[in-house]
Amino acid sequence: MLSPPPESLTLTEFQDNVIKKWAVDIGIGAQEIYSQHNTELPPKSTAGTKQQQQTLLDSTCWQQLSTSQIVLDNSQTVESSASSRGRPVHTLMQKLVIKTTIMSKDGKPKVSWKCISCDHSRKGSPQEIRVLKHSATCKKLPVHLQNEAITASKDTSLGAQLVEAPPVEEQPHMDEPPAKWPKNQVALNVAPYHDVGQKKQEEERQIFQTKADHIIMRLICSLYTVHATTPDRTTHFLDGHEDSTASHTAAWVKEKMLEAREDKWAAICSDSTAVTKNARREVVDTIPTILDLCDACHHLHNTIKNITLLPEFEQMLSLLKPIIKHFSKSTISAAHLRKERWVDDDDETNRKVKDMFLNRRAFQTLEQDLGTYVMLVGPFIRSLWSLEASHANASDVFVFWLAIAATLEELFAKGEEQTGIPVSLARCVTAIFNSRWKEFFSNDVYFVAFALDPRYPLSDNIMKSALAAPTIHIPAQISNVSASAERPMPHPRAYHRVKEFLKPMLRAMVEHNKVHELKDPISLLVHEIGAAGVVDEFRRQLEAYFHNEWPFNTPLQDGNTLAWWNMLLPHPHACVLAALAVKIFSVLINSMPDERTGSKLTWLNSAIRGNQNAQTLVDMIQIGQWYGTRQWHGFWKPTWVMGMGTCGLGRGLSLPTHQIPIPIAMGWWVS
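Undergrad: Even after reading the chapter, I still don't get the packing of aromatic side chains, so can you show me in this structure?
TA: Given two aromatic rings, one states the distance between the centres and the angle between the planes to describe the pair. Inspection of every chain in the model, using the stated rule, returns 24 aromatic pairs. Taking the centre distance of 6.5 Å and the plane angle of 80° together, the rings of F380 and W401 count as edge-to-face. Within this pair, whereas F380 is found in helix α14 (residues 360-387), its partner W401 is found in helix α15 (residues 394-413), the two being separated by 21 residues in sequence. Across this residue pair, the class does not change: F380 and W401 are buried. On the basis of an interplanar angle of 85° and a centroid distance of 4.9 Å, the ring pair of W564 and W565 is categorised as edge-to-face.

Undergrad: I'm lost on the packing of helix α10 (residues 296-308) against helix α17 (residues 423-440) in this one. Help?
TA: Between two packed helices, what matters for the description is the angle formed by their axes and the separation of those axes. The contact between α10 and α17 brings their axes to 10 Å, and the two run at 155°. By the angle between their directions, the pair α10 and α17 is classed as roughly antiparallel. Where α10 crosses over α17, the two elements pack in a sense that is right-handed. Of α17, the residues touching α10 (which contributes A296, H299, N302, T303, N306 and I307) are V429, I432, R436, E439 and F440. Across the contact of α10 with α17, the residue classes break down as five nonpolar, four polar and two charged.

Undergrad: Got a minute to help me understand the environment of H573 in this structure?
TA: Structurally, H573 can be placed in the loop between α23 (561-568) and α24 (575-586). Sequence separation between H573 and F552 is 21 residues, and the spatial gap between their C-alpha atoms is 9.3 Å. Apart from residues lying up to four places away in sequence, H573 is in contact with Q541, W550, P551 and F552.

Undergrad: Just to check I follow, could you spell out helix α22 (residues 521-546) for this structure?
TA: For an α-helix the count is 3.6 residues per turn, leaving residues at separations of three or four pointing the same way. Over its 26 residues, α22 runs only 22 Å from end to end, short of the ideal 38 Å by more than 12%, given 1.5 Å per residue. Residue I529 marks the point of greatest curvature in α22, where the axis turns by about 110°. Positive phi shows up at N548, right after α22, with a value of about 55°.

Undergrad: For this particular structure, what's the right way to read the pairing of strand β6 (residues 224-229)?
TA: On a regular strand, one side chain projects to one face of the sheet and the next to the other, so that they alternate. The buried count for β6 comes to six of six residues, which makes it a mostly enclosed element. Burial along β6 is two-sided: Y224, V226 and A228 and T225, H227 and T229, pointing in opposite directions, are all buried. Of the pairings in the sheet, the one linking β6 to strand β7 (residues 235-241) comprises six bridges and is antiparallel in character. Following the sheet pairing, V226 is matched in β7 by D239.

Undergrad: Just to check I follow, could you spell out the pattern of salt bridges for this structure?
TA: In a structure, side chains of opposite charge can pair up when their charged atoms sit close to one another. What the rule picks out here adds up to seven salt bridges. A salt bridge links R455 to D396; the shortest N-O distance between them is 2.8 Å. Taken together, the residues span a long stretch of sequence, with R455 in the loop between α18 (445-451) and α19 (460-463) and D396 in helix α15 at a distance of 59 residues. With a relative accessible area of 30%, R455 lands in the partly exposed category. For D396, a relative accessible area of 11% gives the class buried. Measuring nitrogen to oxygen at the nearest pair gives 3.3 Å for the salt bridge that ties R436 to E439.

Undergrad: Is there a simple way to think about a nonpolar patch on the surface in this case?
TA: Judged by side-chain polarity, I19, W22 and I26 come together as a nonpolar surface patch covering roughly 310 Å² of accessible area. Along the chain, I26 turns up in helix α1 (residues 17-36).

Undergrad: Sorry if this is basic, but what is going on with the confidence of the model for the protein here?
TA: On average, residues of the protein carry a pLDDT of 75, and 67% of them reach 70 or more. With pLDDT under 50 throughout, residues 1-12 is counted as low confidence; its partners more than four residues away or in other chains account for 31 contacts. Ignoring residues within four places in sequence, the model shows residues 173-178, a span with pLDDT below 50, making zero contacts including any to other chains.

Undergrad: I would appreciate a short explanation of the side chain of T276 in the present structure.
TA: Within the secondary structure, T276 sits in helix α9 (residues 274-286). Polar side-chain contacts of T276 include one of 2.4 Å to the side chain of T273. If sequence neighbours within four positions are ignored, T276 has contacts with Y224, S270 and D271.

Undergrad: Where do I start with the state of the cysteines in this structure?
TA: On inspection of all chains with the given rule, the structure shows zero disulfides. C138 forms no disulfide, and the closest cysteine sulfur to it belongs to C118, at a distance of 3.8 Å. The cysteine C269 is free of any disulfide, with C294 supplying the nearest cysteine sulfur at 7.0 Å.

What counts, and at which threshold
Residues numbered from 1 in each chain as written. Predicted model: local features only at pLDDT ≥ 70, side-chain atom pairs only at ≥ 80, totals over all residues. Heavy atoms only, no water. Phe/Tyr/Trp six-rings, centres within 6.5 Å; stacked < 30°, edge-to-face > 60°. Helix = DSSP H or I, 4+ residues; strand = E, 2+ residues; numbered from the N terminus. Buried < 20%, exposed > 50% of the residue type's maximum accessible area, 1.4 Å probe, protein only. Axes fitted to C-alpha atoms, helices over the stretch in contact; angles between N-to-C directions. Parallel < 35°, antiparallel > 145°, perpendicular 65-115°, else oblique. Left-handed = near helix turned anticlockwise from the far one by under 90°. Contact = heavy atoms within 4.5 Å. Nonpolar A, V, L, I, M, F, W, Y, C, P; charged D, E, K, R; others polar. Expected span 1.5 Å × (residues − 1). Bend = angle between axes of the 7 residues up to and from the residue. Pairing = 2+ DSSP bridges. Salt bridge = Lys/Arg side-chain N within 4 Å of Asp/Glu carboxyl O. Patch = residues over 30% accessible without salt bridge, like charges linked within 9 Å, V, L, I, M, F, W, Y side chains within 5 Å. Areas by Shrake-Rupley, 256 points an atom, 1.4 Å probe, with all protein chains shown as cover. pLDDT = per-residue confidence, 0-100. Polar contact = N/O pair within 3.5 Å; in protein donor to acceptor, adjacent residues only side chain to side chain. Disulfide = S-S within 2.5 Å.

Below, the structure is given as structure tokens:
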């Protein structure tokens, strides 16, 4: 236990400054320990002369008792008792920051403050506005403290200031008295003109600095956005991560992804860039219950890009690029072009277009190449538009790729004489399609979703190719086989493929329940019938589904696959398979919310609004989303609440407690 230094010992008796500093620190520490335990100091000793006692009391060790915190050895801090002097104690500020005071070499105290949860620190005394601004967006701060910071910061918002601002009274206009030439002034006073010139130079410098900051923001800043999409396809912009001082590797992105509660995510979807793809895979390896989804729209776009870069379309693109550039710059040309589109005489319009080329052959070549290009990429573009929808699911991806393959196969079967597509070009497009198909559908979640979709009944024409060899079924020789086992599976290859995908998915969910106490349907079934019972029910229910038995033969209503499986979720003979299907059909298969947020970032970060950082843009988009999605005919929707919650999607939003929290998809995008 530390005790104050004996009053008979004065600092002037020591010639070594290090020993003096130790004595000062020990005395301050002892004073703080007694103050924390509400214990009075020991009585003063009578040893020593009165001059020695007065020297000790006047030393620097007792001059810092009024500070809120004192650093002992650069690593430990001690909080001092509240003082009746100075500003009143702010309870919330004491919870959010740690105030430190370090004695400099010249004996002057240096005050600084630091966040209690992260490495954010600033010099000087903690100001409420700065502390609340950081605490409201701190990712490592506890949820209850961040809620208090958000609640406290709303009083200083612009909206609150406008409401509380008193009406401005009009002041009577007073004309400035005319300037008079002093009688004793001989020369012209140029000081006012000099001040005006300096003010103008300062304004020009600020304008230049604003433009420079805007350019730096647009060129250097790399912003990673994260969104949460609920089963009803309500999307929420959770946060934007920007750290120009760190290297944006897969490990960095993974760290940002895992900030939210892992039991809330059903799938993760992102584009195919190297960083996001590797980070997505590392997250799935860490949390095996999360589905790994590649952005279907991004993959279709890359397929169209591969077809566009074929040598057969190189000459067409070299002509179209300057044409598009000309019409995008010339207003009168674009106006005449729009006017000619509405002319009924197509021959006259075609004649004017042909006159723009040097000869008729050049026009015919461009027209033929452009028509061929439109025929080839048309199925991909139409599928891309459809899969950008907010209600697209994994089954839709598989169906549209099948539709693309059928369209191209029918187109190539017509022959070169009818379509004008050379055989070599058809083979190149087929090779691109097969390569992209093999790359994308290495993940069987799309085929499994297609097989579990009641909109598309299981058919031999779809599950089995017409050119495949006939299948020979050999009856079992065991006499005591049950009647259900003797029935041949209608689609054995599809059945085994679906089973091999769903088994690890179910196993991961059952094992995850051993570590985390969740409230999802699988966890409730594990508590009710055990893990072995869940596995047996899964096998029986999957066989019943492929045999189209009750309750899986219930008619589909309104074409809503997710609603159909949700209807079967409480059924005792379909609950396990329905829980897996609900998770698959609840996730969004594209990252379009991130793309839409990127468009808003571009719109908000205009040239006239360059003096803003990444956090400002994130805050404006979140506020706009809040008012845009919750204000309906002048009333507030009570389904969602703003702030932090124990069952929250992440930083800034929370789920209602009555909803099942599992089926939520997360998307990532980088600008």
